[in-house]
Every structure is written in C-alpha cells, then in structure tokens.
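Below, each chain spelled out in residue letters.
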Amino acid sequence: MSESDSDQAARRPPEHHDPLSGTADLRRTGANPDFWYPVALSRSVRSGRVAATAFGGERVALYRGASGAVHALEDRCAHRQVPLSMGAVEGETLRCCYHGWAYRGDGRISQIPYLSKGDARPPRGVRAYPVREAYGLVFVFPGDPVKAADTPLPEVPAFASPQYKTMTFSRTVRCHYSFMHENLLDMNHQFLHRGVVGRLQPQLLGYETGLRSVEARYLFTHTGGKRSRSAGLLAAEGIGGQTSSDVMTIRTEYPYQTLDLVPENAERPSLCLWASYVPEDAEQRTCHAYGLLMIERPRFAGALHLAWPLIRRFTERVFAQDRMAVEAEQRAWDEQGEDRNHEVFPLILDVREVLRANGVPLHPRVVAGPSTPACDRPACDGLAPEPGSLSAQPGN
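A quick note: this is a predicted structure, and the numbers were derived from the prediction, not measured.

1. Description of the nonpolar core
Step number 1: In terms of nonpolar packing, the biggest core is built from 67 residues, with Met180 and Leu259 touching the most fellow members.
Step number 2: The greatest single-element share of this core, amounting to eight residues, is contributed by helix H5 (residues 301–336).
Step number 3: Leaving out residues up to four positions away in the same chain, leucine 259 has contacts with Leu184, Met187, Met248, Thr249, Ile250, Leu271, Cys272 and Leu273.

2. Description of the environment of leucine 261
Step number 1: Relative to the elements of secondary structure, leucine 261 occurs in strand E17 (residues 256–263).
Step number 2: Given the relative accessible area of 2%, leucine 261 is considered buried.
Step number 3: Along the backbone, leucine 261 and arginine 217 are 44 residues apart, and their C-alpha atoms lie at a distance of 9.8 Å.

3. Observations regarding the sheet that holds strand E11 (residues 131–134)
Two pairing modes exist for strands in a sheet, parallel and antiparallel, and in both the strands are linked by backbone hydrogen bonds.
Step number 1: Judged by pairing direction, the sheet is antiparallel, and its three strands sit side by side in the order E2-E12-E11 without closing on themselves. A single partner strand is all that each edge strand has here, and the edge strands are strand E2 (37–41) and E11. Along the sheet, successive strands turn relative to each other by an average axial angle of 35°, direction set aside.
Step number 2: Here E2 pairs with strand E12 (residues 137–140) via four bridges, running antiparallel. In the sheet register, proline 38 faces E12, and the bridge partner there is phenylalanine 139.

4. Overview of the packing of helix H2 (residues 177–185) against H5
Step number 1: In contact at an axis separation of 10 Å, H2 and H5 are set at 130° when each is read in the N-to-C sense. Judged by the inter-axis angle, H2 sits oblique to H5. Relative to H5, H2 is oriented so that their crossing is right-handed. On the side of H2, the interface is formed by Phe179, Met180 and Asn183, while H5 contributes Phe319, Asp322, Val326, Glu329 and Gln330.
Step number 2: Here the contact of H2 with H5 is composed, by residue class, of four nonpolar, two polar and two charged.

5. A word on the sheet that holds strand E10 (residues 128–129)
Step number 1: Read across the open sheet, the four strands follow the order E3-E4-E5-E10; overall the sheet is antiparallel. Across the chains shown, the open sheet's two edge strands, defined by having one partner strand only, are strand E3 (50–55) and E10.
Step number 2: Pairing analysis gives two bridges linking strand E5 (residues 70–74) to E10, with the strands arranged antiparallel. Bridge pairing links alanine 72 to tyrosine 129 in E10.

6. As for the packing of aromatic side chains
Step number 1: Taken as a whole, this structure holds eight aromatic pairs when the rule is applied.
Step number 2: When the ring of tyrosine 256 is compared with that of tryptophan 274, the centres are 5.6 Å apart and the planes differ by 40°; the resulting orientation is tilted. Placement of the pair is tyrosine 256 in strand E17 and tryptophan 274 in strand E18 (residues 271–279), with a sequence separation of 18 residues.
Step number 3: Overall, tyrosine 256 belongs to the buried group, its relative accessible area being 9%.
Step number 4: Aromatic rings pair up to connect Tyr135, Phe139, Phe159, Tyr256 and Trp274 into one cluster.
Step number 5: Above the ring of phenylalanine 191, the side-chain terminus of arginine 194 is found at 3.8 Å from the ring centroid.

7. Focus: helix H6 (residues 346–358)
Owing to its 3.6 residues per turn, the α-helix brings residues three or four apart onto one side.
Step number 1: When the terminal C-alpha atoms of H6 are compared, their 19 Å separation across 13 residues agrees well with the 18 Å that a helix rising 1.5 Å per residue should span.
Step number 2: For H6, every residue scored as buried is listed here: Leu347, Ile348, Val351, Arg352, Val354, Leu355, Arg356 and Asn358.

Definitions and cut-offs
- Residues numbered from 1 in each chain as written.
- Predicted model: local features only at pLDDT ≥ 70, side-chain atom pairs only at ≥ 80, totals over all residues.
- Heavy atoms only, no water.
- Core = buried A, V, L, I, M, F, W, Y, C linked by side-chain atoms within 4.5 Å.
- Buried < 20%, exposed > 50% of the residue type's maximum accessible area, 1.4 Å probe, protein only.
- Helix = DSSP H or I, 4+ residues; strand = E, 2+ residues; numbered from the N terminus.
- Contact = heavy atoms within 4.5 Å.
- Pairing = 2+ DSSP bridges.
- Axes fitted to C-alpha atoms, helices over the stretch in contact; angles between N-to-C directions.
- Parallel < 35°, antiparallel > 145°, perpendicular 65-115°, else oblique.
- Left-handed = near helix turned anticlockwise from the far one by under 90°.
- Nonpolar A, V, L, I, M, F, W, Y, C, P; charged D, E, K, R; others polar.
- Phe/Tyr/Trp six-rings, centres within 6.5 Å; stacked < 30°, edge-to-face > 60°.
- Lys NZ or Arg CZ within 6 Å of the ring centre and 35° of its normal.
- Expected span 1.5 Å × (residues − 1).

Okay, here's the thing in structure tokens:
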C-alpha cells in the first residue's frame with residue numbers, strides 16, 4: 001500500500017526559524033556541495049592504501065593508485081554494501097575486502113572474480129567524486145559533477161611563496177560549521193584567550209558585505225597582561241607586543257575563510273590563514289576544520305625553525321579554547337532545539353545571512369519503507385553496466 005501525499009507531508013520536518021529574526025534557522029542550513037572541499041591530508045592517503053572520509057553524511061573512500069593519482073568513490077560496495085575503505089588497492093583499482101569485486105577510479109566495476117555467463121547482470125558500480133590535490137590536501141567535489149570543471153579551487157597564494165612557511169591543521173570539531181565562521185570573524189571574543197595573549201583591545205575599523213562574502217578589518221592593541229612569547233613571534237613582535245598595534249583582516253568568502261595579520265609598519269602580512277570547515281555527518285553538527293597557517297620567514301631562517309614547536313603549541317592552545325566555546329554553543333542548540341542566540345554585532349548578523357543564502361536546506365534522511373526506492377542516486381545498484389564495461393568470464 002503506497003503512502004499518501006498527506007502522510008508524506010506529515011513526516012516532513014517543520015520549517016524552523018530564528019525566534020528573533022524570523023529567518024530560517026542557520027544551524028539547519030547545510031553546506032553547499034557545489035564547491036571543492038578538503039577531506040584529507042595528502043600525506044594520509046599513502047600509495048596503495050585506502051582512507052575513509054565523509055562529507056555531510058556521505059561516506060567517501062579515497063585511494064591512491066599505482067600511478068600516484070588519488071581516486072574518490074562512494075564508500076560502499078554495490079554488492080553487499082561493505083565499506084570500500086576496508087578494501088585493497090591493486091594498480092589503479094580498488095577491490096572490496098569481502099568478495100573481491102574490483103572498482104575503477106570512475107566507480108565502474110571492472111571485475112567480479114566468480115561471475116559466469118549465466119549469472120544475473122551485475123550493478124554498474126558506485127558514485128565517483130571529482131578529486132584534486134592542492135596545498136597538501138585532497139579536495140573532492142561532492143555536488144553536481146558537471147560543475148566541477150568550471151569551479152576553481154580556492155586560491156592560497158602565500159602557500160607557494162618562499163617568503164612563508166606553512167603549518168597545516170586538521171581537527172574534528174563537534175559543531176555546525178557556521179559557528180566556526182562566526183568565531184573567527186568576531187574578534188570581540190579575545191577575553192577567551194586572555195591567558196595566552198594577554199589583554200587585547202580589538203577595534204573594528206570597518207567591514208564590507210557582498211552576496212558571497214563578508215570582510216572585516218580590526219586594529220589590535222595590547223593593553224597589558226601576561227602574553228605568550230609565541231604570540232609575538234607570530235607577528236614579528238606584533239600581536240601581543242607591548243607597544244605595537246596590528247591590523248587583522250578576516251574574510252568569509254563562501255565557503256572558505258581567510259585571515260591576514262599585518263604588524264604595525266610592516267609591508268606584508270606576518271601570517272596568513274586559510275581555513276575550511278567541512279561537515280561530516282548528515283545533520284552537519286560535526287565538522288572537520290582544515291587550516292593552512294602561513295608564517296613569514298624572518299631574516300634569520302633558523303630562528304623560525306627553532307620557534308616552530310613553540311608556535312605550534314601556541315596555536316593549538318588558542319584553537320582548543322575556540323573549540324571549547326563553539327562546541328558549547330552547539331550543545332546549547334541541541335538542548336534548546338533552536339537558535340536562541342541574541343546576537344547584537346551587525347557583522348555577525350551579516351555573515352549569518354551570507355551563510356544562509358549560499359547554503360542548502362538540510363533534509364533528515366528518511367528510512368526506506370516498502371514503497372520507498374532503496375536508492376535515489378544515478379549510480380543505483382539496479383543499473384546495468386555499459387556494453388564491454390564488465391567481462392562475464394571469471395578472472396577477466
């Protein structure tokens with residue numbers, strides 16, 4: 001018996017809105033999949049090995065073939081749904097660990113070891129994601145694959161500059177990605193970091209808002225208190241210094257975020273940060289933060305090498321404090337069932353609107369019933385292979 005339209009409508013989640021503004025709840029807005037998102041460090045996808053990752057509840061298996069190229073497949077075997085990330089790499093193919101079904105980098109099945117001519121026609125394969133490597137990261141395009149070729153990777157010019165050395169970050173944070181954008185863009189939270197950077201006075205110099213972006217400029221002045229030596233090293237005795245003032249420019253350019261810190265009287269940034277917050281689960285209440293922190297090389301090259309462990313420790317302390325705060329925000333949202341934030345800072349109200357306008361609605365996954373198709377994707381198991389794409393003879 002098929003489900004009526006009224007029954008289906010009753011099962012749909014109600015429209016949730018911000019109790020103050022009346023707009024759609026940002027924490028129920030998903031990341032737009034039609035962009036390149038980092039899902040792994042390049043060094044974590046070793047030759048001949050498989051790595052499991054995810055975007056918005058879609059599990060992805062990454063593997064590096066014999067040629068050195070990385071492939072990204074839907075992390076399930078079309079046969080028994082066992083994760084392909086448990087499989088083995090053979091040349092440029094990925095073989096399922098269970099029955100040995102082999103997949104090419106385009107997701108098509110290249111071999112079923114025991115298939116005979118009289119057996120039923122097998123499925124075509126699984127979804128393959130466009131994949132690229134840049135900046136020491138593996139990017140996938142989880143949206144419409146037709147758009148991948150015309151969608152550029154994010155630009156990180158300081159990464160390749162000999163004037164900078166890069167520190168890479170990769171951390172899971174248990175919060176909606178929007179909390180991360182707000183945290184970095186709203187520098188009025190420096191009280192949180194007082195034990196690390198001392199007392200900093202941020203002054204908003206101005207900000208600009210576009211359809212896909214918000215950019216803010218702050219003037220930072222140290223007004224006292226104990227500070228970490230690493231804070232001064234990061235800004236060439238700028239941020240946290242006793243007498244200096246630094247200009248920090250932070251930009252959310254959907255879906256990425258950047259930060260440049262220019263010390264007083266400096267010609268270029270002493271540090272540049274590029275960050276991406278990639279949702280992992282279907283409800284997008286957990287994200288993976290990838291960051292590239294590019295630090296200017298001092299006149300004496302060895303000084304930065306010696307200071308590197310101190311700078312790493314400092315940045316980890318600051319990030320740990322930020323993570324504590326944003327995860328507490330997410331727990332409050334989970335407990336209250338809605339966004340009860342009373343935001344008064346116009347800059348954050350603007351970035352929320354940018355994230356809301358460029359994101360996509362989140363639809364909780366519905367468990368398949370008797371009348372519900374088991375798969376609604378183009379690469380559904382029931383599709384037959386193209387002629388010549390799969391041999392009917394065992395071992396071929």
